[in-house]
Amino acid sequence: MANITKRGNSYSIRVSAGYDASGKQIMKSMTWKIPEGMSEKKAEKEAQKAATLFEEKVRTGQIADEKSMKFSAYAEKWFSDYAATQLRPRTIDGYKHLMIRIEPALGHLYIDKIRPAHLVKFYSDLSSTPKECTYKCTVDLKALLKESGKSLTAFSSENNISLPALKSAANGRNLSPENAIQVAKALKKPLADLFEVSGGGETLSASTVGKYHRVLSSMFETAVKWGLIVSNPCERVSPPKDRKPKKNEAQFLTAEQAKEMISLLDHEPEKYRNATILLLFTGMRRGEMLGLEWDDLNLEKGTLRINKTIQYLPDRGIFEDDTKNQSSNRVIKLSRSAINVLKAQKRWQTEQRLKMGDCWEGSPKIFTNETGRIIHPDSFSGWFRSFIKANGFPEDIHVHSLRHTNATIQIANGSSVTTVAGYLGHANANTTTKIYAHAIQEAQAAAAEMLDDILNPTIKPQVRHA
């Protein structure tokens, strides 16, 4: 039961929230001020109502269980305690990149003091922020470090900051946002006190601002679940609407262009040729293709198991990860052409192993380089961009376009959306319908023309007499 004590023109209300691990009672408190002009009897009744409401909030966990922390400290906790176990590495990397702009704007605020007004201002500032920004040091960095008895080298080592970046800052050259924030954080000074921001070009789009809104909403929602704040301030804020025309749908090759590409690949390195053709015939993602191992291939049944992916992040290098989602973990049936491509890859890899001898690294992966190592994802994409440009294909065609090409050709030739969804590893057919609306509409139009060609001759024109 709440303990209510009158103190001058206010009431102190204290409620027990149970006991901590050591057996010490946890007390929550609040102060209710008596409105001016209210009678003593009325004030006593209203204080009792406030106490009852406060007690209910404590009982249902609507009152924070910990002392408030600044958003910057909470962000570190969120990334280590939540994101590290719940999110994929590439997603975490993307969120950390967004923190480059989030931290200077909100990092100094206590998490329970962040209001919708703070977010509205942040989104407004983002909307007028150039896409590319650089930071120039406005203080004598060497002198600042010398005051604390640190050299550039020691400061770099202790705070895991690039030494070349520190030297650039000390010599008055521009820094990337990532390095500037690292320096400010290590020195425990506001970013604006150390750097001036410059940049040009287009400002951030509304869709990009929406990404910041979504990551902040996820972080605040977790804070609510952890009992650090009562409600998510993002729920009371709407990010800017994207009023720009939507980009074209998924880019893909026509069947004729795909055939032309296959013929042109005869002159390309076999490791890239085979990988590209397999992507066209299976619709796999780049990472899924690079993650394939020979044990995943069942020649007797003509199937291929897809259950892992190869990714690359600058701070981790090349690493193996799970597929995008549970539905992406699948077994697909291979066409004769796809099986022949894999057989050709096996022959090439065997030849390379014999040629390299002791220098062969012996990876179990289907697609490797000349020494048996995993192909770097960016190396494959870089080669593909050069191939596209050299052979006159549309510039907006990229590696993922091969996946779109596969799906579009399947739909155009009568495969159901459900079949295509399963083949591509989509979570549900709605995803497929949304991405390939263009192909579905074209297939429907072709079906309508087919019905017209078949049934129209049987319809005799009716002649009406007056």
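We now turn to the structure provided with this report. Just so you know, these numbers come straight off a predicted model, no measurement behind them.

Section: the overall build of the protein
Working step 1: Counting its regular elements, the protein contains 19 helices and eleven strands.
Working step 2: For the protein, the C-alpha radius of gyration of 31 Å lies well beyond 23 Å, the compact-globule estimate for 466 residues.
Working step 3: Dimensions of the protein along its principal axes, counting C-alpha atoms only, are 95 × 90 × 50 Å.
Working step 4: Counting across all 466 residues of the protein, residues that qualify as buried make up 39%.
Working step 5: Put simply, 62% of the contacts in the protein that link residues at least 6 apart link residues at least 24 apart.
Working step 6: Put simply, the protein shows about 27400 Å² of open surface, and 50% of that area lies on carbon and sulfur atoms.
Working step 7: Computing the positive centroid from 67 side-chain charges and the negative centroid from 52, the protein places the two 4 Å apart.

Digging into the pattern of salt bridges
Working step 1: Counted by the stated rule, this structure contains 15 salt bridges.
Working step 2: For the salt bridge of Lys308 with Asp296, the shortest nitrogen-to-oxygen distance reads 3.0 Å. One end of the pair, Lys308, is in the loop between β8 (303–306) and β9 (309–313); the other, Asp296, is in the loop between α13 (286–290) and β7 (297–298), with twelve residues separating them in the sequence. Residue Lys308 shares its accessibility class with Asp296, and that shared class is buried.
Working step 3: Between Lys365 and Glu320 there is a salt bridge, with its nearest N and O atoms 2.5 Å apart. Within this pair, whereas Lys365 is found in the loop between α14 (336–356) and α15 (377–390), its partner Glu320 is found in strand β10 (residues 317–321), the two being separated by 45 residues in sequence.
Working step 4: In this structure Lys365 comes out as buried when scored by relative accessible area, which is 3%.
Working step 5: Look at the salt bridges and you will find they share partners, linking Lys42, Glu46 and Lys49 into a network.

Notes on the pairing of β9
Working step 1: When you tally the buried positions in β9, you get four out of five residues, the bulk of the element.
Working step 2: Bridging between β9 and β10 involves five bridges; their strand directions are antiparallel. For Leu313, the partnering residue across the bridge sits in β10 and is Gly317.

So, the packing of aromatic side chains
Here a ring pair, both rings aromatic, is described through the centre-centre distance and the interplanar angle of the planes.
Working step 1: This model, assessed by the stated rule, comprises 16 aromatic pairs.
Working step 2: Pairing Phe71 with Tyr74 gives two aromatic rings, centres 6.4 Å apart and planes at 55°, and the pair type is tilted. Remark: Tyr74 and Phe71 occur in helix α2 (residues 71–86); sequence separation between them is three residues, near one turn of the helix. Residues Phe71 and Tyr74 agree in their burial class; the two are buried.
Working step 3: When the centroid spacing of 6.1 Å and the interplanar angle of 75° are considered together, the rings of Tyr74 and Trp226 count as edge-to-face. Here Trp226 lies in the loop between α10 (206–225) and α11 (255–264) and Tyr74 lies in helix α2, a separation of 152 residues in the sequence.
Working step 4: Judged by relative accessible area, Tyr74 falls into the buried class, the value being 0%.
Working step 5: For Trp226, a relative accessible area of 30% puts it in the partly exposed group.
Working step 6: Here a set of aromatic residues connected by ring pairs shows up, and it is made of Tyr272, Phe380, Trp383, Phe384, Phe387 and Phe393.
Working step 7: One cation-aromatic arrangement involves Lys77 over Trp226; the distance from NZ or CZ to the ring centre is 5.7 Å.
Working step 8: Taking NZ or CZ as reference, Lys346 lies 4.5 Å from the ring centre of Trp294, over its face.

Structural notes on the packing of α2 against α10
Packed helices, taken two at a time, are described by the angle between their axes plus the distance between the axes.
Working step 1: In contact at an axis separation of 11 Å, α2 and α10 are set at 85° when each is read in the N-to-C sense. With respect to α10, the axis of α2 lies roughly perpendicular. Between α2, through Phe71, Tyr74, Ala75, Trp78 and Tyr82, and α10, the contact on the second element is made entirely by Leu216, Ser218, Met219, Phe220, Thr222 and Ala223.
Working step 2: Broken down by class, the residue content of the contact of α2 with α10 amounts to nine nonpolar, two polar and no charged.

Observations concerning the nonpolar core
Buried together is how nonpolar side chains tend to be arranged in soluble globular proteins.
Working step 1: With 38 residues, the main nonpolar core has Met261, Phe367 and Phe380 as its most contacted residues.
Working step 2: Going through the elements one at a time, α11, α12 (270–282), α13, β8, α14, α15 and α16 (399–412) are the ones with two or more residues in this core.
Working step 3: Of all the elements, α12 adds the most residues to this core, at six residues.
Working step 4: Excluding residues that lie within four positions of it along the chain, Met261 makes contacts with Leu253, Thr276, Leu280, Phe384, Phe387, Ile388, Phe393 and Leu402.
Working step 5: Phe122, Leu204, Phe220 and Cys234 belong to the second largest nonpolar core, which has 31 residues in total.

Some points on helix α8 (residues 177–187)
Working step 1: The set of residues buried in α8 consists of Pro177, Asn179, Ala180, Ile181, Val183, Ala184 and Leu187.
Working step 2: Following α8 by one or two positions, Lys188 adopts a phi angle in the positive range, close to 55°.

As for the sheet that holds strand β2 (residues 10–19)
Working step 1: The three strands are arranged β1-β2-β3 in an open sheet whose pairing can be described as antiparallel. Only two strands of the sheet have a single neighbouring strand rather than two, namely β1 (3–7) and β3 (25–33). If you compare each strand with its neighbour and ignore which way they point, the axes differ by 25° on average.
Working step 2: Examined bridge by bridge, β1 and β2 share five bridges and lie antiparallel to one another. When the bridges of β2 are listed, Lys6 appears paired with Tyr11.
Working step 3: Strands in contact with helix α1 (residues 40–59) are β1, β2 and β3; relative to β2, the strand with the most contacts, it is inclined by about 25°.

Overview of the sheet that holds β7
Working step 1: If you trace the three strands from one edge of the open sheet to the other, you get β7-β8-β11, paired in antiparallel fashion. Edge strands, defined here as strands with exactly one partner in the open sheet, are β7 and β11 (330–333).
Working step 2: Pairing between β8 and β11: four bridges, direction antiparallel. Bridging from a neighbouring strand, Leu304 pairs with Ile332 of β11.

Rules of the game
- Residues numbered from 1 in each chain as written.
- Predicted model: local features only at pLDDT ≥ 70, side-chain atom pairs only at ≥ 80, totals over all residues.
- Heavy atoms only, no water.
- Helix = DSSP H or I, 4+ residues; strand = E, 2+ residues; numbered from the N terminus.
- Rg over C-alpha atoms; globule rule 2.2 N^0.38 Å.
- Buried < 20%, exposed > 50% of the residue type's maximum accessible area, 1.4 Å probe, protein only.
- Contact = heavy atoms within 4.5 Å.
- Areas by Shrake-Rupley, 256 points an atom, 1.4 Å probe, with all protein chains shown as cover.
- Lys, Arg positive; Asp, Glu negative; His and termini not counted.
- Charge placed at Lys NZ, Arg CZ, Asp CG, Glu CD.
- Salt bridge = Lys/Arg side-chain N within 4 Å of Asp/Glu carboxyl O.
- Pairing = 2+ DSSP bridges.
- Phe/Tyr/Trp six-rings, centres within 6.5 Å; stacked < 30°, edge-to-face > 60°.
- Lys NZ or Arg CZ within 6 Å of the ring centre and 35° of its normal.
- Axes fitted to C-alpha atoms, helices over the stretch in contact; angles between N-to-C directions.
- Parallel < 35°, antiparallel > 145°, perpendicular 65-115°, else oblique.
- Nonpolar A, V, L, I, M, F, W, Y, C, P; charged D, E, K, R; others polar.
- Core = buried A, V, L, I, M, F, W, Y, C linked by side-chain atoms within 4.5 Å.

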